[in-house]
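Structural characterization, general
The chain contents come next:
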Amino acid sequence: MKKLICILLAILMLASLAACSGTQNGTGEAKADTSSKAEEKKAEKIDIDLTAMSSTMIYSEVQNMMTAPDDYVGKKVKMAGQFNVAEVGDNRYFACLIKDATACCASGVEFVWAGEHSYPGDYPEENAPITVTGTFTTYKEGEATYCQLKDADLQF
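Residues numbered from 1 in each chain as written. Predicted model: local features only at pLDDT ≥ 70, side-chain atom pairs only at ≥ 80, totals over all residues. Heavy atoms only, no water.

Enumeration over the complete set of coordinates arrives at two salt bridges. One salt bridge in this structure joins Asp47 and Lys45, with 2.7 Å as the shortest N-O distance. Residue classification places Asp47 among the partly exposed positions, given a relative accessible area of 36%. For Glu87, the salt bridge goes to Arg92, with nearest N and O atoms at 3.3 Å. (Salt bridge = Lys/Arg side-chain N within 4 Å of Asp/Glu carboxyl O. Buried < 20%, exposed > 50% of the residue type's maximum accessible area, 1.4 Å probe, protein only.)

Following this line, the structure appears as structure tokens:
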């Protein structure tokens, strides 16, 4: 009797695993994933997702971006922080500021929001929480090299 129960349980387990797998279409062939969602995810590939890291790791990674920017050029980066605006002469710079774990220090990455937007109307209030995703690039002004996320998507 015990052998019969064990065999029945084994058969039920196998049947339930086969029913839940969702990888076959009844003919034994694997289903093809033709959904546009899979294609969208592939197109939106993020190389460095700072939103999925601890605060210590985020701060460290941003520091690495600032000290070794050539290692990051062309990578798609996603980060969350506070919106910041700096005006220097006739130039206005927008940045995502990220504080370290103790909130005593902050690093920021400048971003250029894709599309046409006017400040201040289209932008969040200063220090508001934001999430920015863009392509990491560098540029020169005078002798200095600066980092930025270009063609960025801004969410607030």
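Mean pLDDT for the protein: 79, with 72% of residues reaching 70 or above. Of all the helices and strands in the protein, helix H1 (residues 2-21) carries the lowest mean pLDDT, 43, while strand S5 (residues 129-141) carries the highest, 97. Under a pLDDT of 50 for its full length, residues 3-35 has, in the predicted model, eight contacts with residues more than four places off or in other chains. (pLDDT = per-residue confidence, 0-100. Helix = DSSP H or I, 4+ residues; strand = E, 2+ residues; numbered from the N terminus. Contact = heavy atoms within 4.5 Å.)

Next up on the list: the pairing of strand S2 (residues 76-88). Pairing analysis gives two bridges linking strand S1 (residues 48-49) to S2, with the strands arranged parallel. Among the inter-strand pairings, Ile48 is bridged to a residue of S2, identified as Val77. Two strands pair when backbone bridges link them, and S2 and S5 are joined in this way by seven bridges, in the antiparallel orientation. The partner of Lys76 across the bridge, within S5, is Thr135. Where S2 lies against strand S3 (residues 91-99), seven bridges are found, and the strand directions are antiparallel. Within S3, the position partnered with Gln82 by the bridge is Leu97. In this structure, the hairpin formed by S2 and S3 is closed by a connection of two residues, where Gly89 is found at a positive phi of approximately 60°. (Pairing = 2+ DSSP bridges.)

You can see Ala101 is positioned in the loop between S3 and strand S4 (106-113). Sequence separation of Ala101 and Ser55 is 46 residues, and the distance between their C-alpha atoms is 5.3 Å.

Where empty space is left in the structure can be found by rolling a water-sized probe over the atoms. There is about 260 Å³ of room inside the largest pocket. Residue lining of the largest pocket: 15 residues in total, with Tyr93, Glu110, Tyr139, Tyr146 and Cys147 positioned closest to the centre. Here the lining of the largest pocket gets four residues from one element, more than from any other, and that element is S2. Of the residues in the lining of the largest pocket, the class split is eleven nonpolar, two polar and two charged. (1 Å grid on protein atoms, 1.4 Å probe; cavity = no way out; pocket = protein on both sides within 12 Å on 5 of 7 lines; lining within 4 Å. Points joined across faces, edges and corners; volume = space filled by probe spheres on them. Nonpolar A, V, L, I, M, F, W, Y, C, P; charged D, E, K, R; others polar.)

In this structure, Pro120 follows Tyr119 across a cis peptide bond, with omega equal to 10°. Counting through the fold element by element, Pro120 comes out in the loop between S4 and S5. A positive phi angle, near 75°, is found at Asn127, a position not held by glycine. Relative to the helices and strands, Asn127 resides in the loop between S4 and S5. Exposure remark for Asn127: the relative accessible area of 45% places this residue in the partly exposed category. Unusually for a residue other than glycine, Asp151 sits at a positive phi of about 50°. Residue placement: Asp151 occurs in strand S6 (residues 144-155). By relative accessible area, which is 58% here, Asp151 ends up exposed.

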